[in-house]
Amino acid sequence: MSEQSVGIDGEKVVVWLYLIIVALAGVMGFVLGNIRPADLEPELFGFIALPPTPVGVAIYGLVTVGVGLGVLLGLVVFISRRLDDEAGRREPQ
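Figured I'd write up the structure that's included with this text. Owing to the predicted nature of the structure, the values given are computational and were not obtained by experimental measurement. (Residues numbered from 1 in each chain as written. Predicted model: local features only at pLDDT ≥ 70, side-chain atom pairs only at ≥ 80, totals over all residues. Heavy atoms only, no water.)

### Digging into unusual backbone geometry
Negative phi values dominate among residues other than glycine, just as trans dominates among peptide bonds.
Part 1: Backbone geometry places Arg-36, a non-glycine residue, at a positive phi of 55°.
Part 2: By the secondary structure assignment, Arg-36 is in the loop between α1 (10-35) and β1 (43-44).
Part 3: On the accessibility criterion, Arg-36 (52% relative accessible area) is exposed.
Part 4: With phi around 55°, Phe-45 is a residue other than glycine that occupies positive phi space.
Part 5: Positionally, Phe-45 belongs in the loop between β1 and β2 (48-49). (Helix = DSSP H or I, 4+ residues; strand = E, 2+ residues; numbered from the N terminus. Buried < 20%, exposed > 50% of the residue type's maximum accessible area, 1.4 Å probe, protein only.)

Spelled out as structure tokens, the structure:
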């Protein structure tokens, strides 16, 4: 008989954490936009000006954190798959 392991898929956990963190960045941006600091001028990637409103700052938070973490997550996935491929090609001695 074969036993089936019951557990949580690691990739799903990482994706859910990513989505939760990006959503929190949006919520914090909305809160910061409601506070309206005097020198608040959000710019996406340094050249796309957004309005200093709660929605504008929330978009800034969502996109900035989403892209930043998304690039890092993509690099981790790419490198881990490359390492798995290389480990699978080696012959046992």
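After that view, the rundown keeps rolling.
### A closer look at the environment of Val-67
Part 1: Among the structural elements, Val-67 can be located in helix α2 (residues 54-89).
Part 2: Residues Val-67 and Val-22, 45 residues apart in the sequence, show an inter-C-alpha distance of 9.3 Å.

### Some details on α1
Part 1: The end-to-end C-alpha distance of α1, which contains 26 residues, comes to 37 Å, matching closely the 38 Å that a straight helix rising 1.5 Å per residue would cover.
Part 2: Residue Arg-36 follows α1 closely and has a positive phi angle near 55°. (Expected span 1.5 Å × (residues − 1).)

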